[in-house]
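Survey of secondary and tertiary structure
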Amino acid sequence: MDRPPLAKRYQARRCTAEACGLRFPVEETSDLGASCPLCGVPTERVDAPYQTFPANRGEPRALTIEVLLDNVRSLTNVGSIFRTADGAGVAHIHLGGITPTPKHPKLAKTALGAERSVPWTHHPDPCKAASALAARGHRLWALEANATSASVFALETLQAASGPADATIVLVVGHEVSGVDPRILALCERVVHVPMQGVKGSLNVGVAFGVVTYTLRHHTGLSNP
Ligand SMILES: C[S@@+](CC[C@H](N)C(=O)[O-])C[C@H]1O[C@@H](n2cnc3c(N)ncnc32)[C@H](O)[C@@H]1O
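Below: a short report on this structure. (Residues numbered from 1 in each chain as written. Predicted model: local features only at pLDDT ≥ 70, side-chain atom pairs only at ≥ 80, totals over all residues.)

1. Details of helix α7 (residues 205-219)
- Taking 1.5 Å per residue as the helical rise, α7 with its 15 residues ought to reach 21 Å, and the 21 Å between its terminal C-alpha atoms agrees with that figure.
- Where α7 is concerned, the buried positions are V205, G206, A208, F209, G210, V212, T213, L216 and R217.
- Buried residues in α7 make contact with β4 (64-70), α1 (75-87), β7 (139-143), α5 (155-161), β9 (168-173) and β10 (190-193).
- Downstream of α7 by one or two residues, G221 has phi in the positive range, about 120°. (Helix = DSSP H or I, 4+ residues; strand = E, 2+ residues; numbered from the N terminus. Expected span 1.5 Å × (residues − 1). Buried ≥ 20, exposed ≤ 12 C-beta atoms within 10 Å, placed from the backbone. Contact = placed C-beta atoms within 7 Å.)

2. Thoughts on the packing of α1 against α7
- In contact at an axis separation of 9 Å, α1 and α7 are set at 15° when each is read in the N-to-C sense. Considering the angle they form, α1 stands roughly parallel to α7. In the packing of α1 onto α7, the handedness of the crossing is right-handed. Contacts between α1 and α7 involve N77, S80, I81 and T84 from the former and V205, G206, F209, G210 and T213 from the latter.
- In the contact of α1 with α7, the residues fall into three nonpolar, six polar and no charged. (Axes fitted to C-alpha atoms, helices over the stretch in contact; angles between N-to-C directions. Parallel < 35°, antiparallel > 145°, perpendicular 65-115°, else oblique. Left-handed = near helix turned anticlockwise from the far one by under 90°. Nonpolar A, V, L, I, M, F, W, Y, C, P; charged D, E, K, R; others polar.)

Right, dumping it as structure tokens:
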């Protein structure tokens, strides 16, 4: 399993043209940033160099979470889901249908190494994959906002996530436009949604996945030092 990268040091640079004044970070030892990326005027280093640190590692997790991506088409979204899955300790990602796999060279742009740390398999037919996972006793939870879905923050949802302790929950995430296939929804024990407060009916798929996964983790035993 890959370890988080070591801390890096950065410098802040600012454009010397008063009318521009763009301020941006570059690595402390980098030659990049000598001229302003907006207006081309020379820049100067401002303030003291600083360091960023990776987040603390969480405690061992109580709940096993796997993920089934049902035809999630965007490389950026899938890469981002890999990165979140790595952070949240997801045990396996099942890539279904047209979902791109880490064999695509551009997936690493957003996965940033997590495509090597999280085990994955590809299944041409996500419905068959869902049936097989259910037959193994895994609990399928779809992420979708529909007439039967419950808020992921509802007490009942959170309590349901806690047991039985040895079961695996497979979070099913749907296509960016058409959502989770109804045939898979029919196999799901639960459909959970992230409540929406604005004019939009849904979140970006990777964002929804992050909210639900970390919510379940938080309520089933993950604690950060
Ligand atoms: C953009 S949505 C699909 C379109 C959505 N069915 C609609 O009618 O707008 C793509 C996927 O992201 C996830 N998703 C997006 N917003 C969500 C939310 N508020 N709650 C749960 N899942 C969500 C679901 O897995 C969904 O299948």
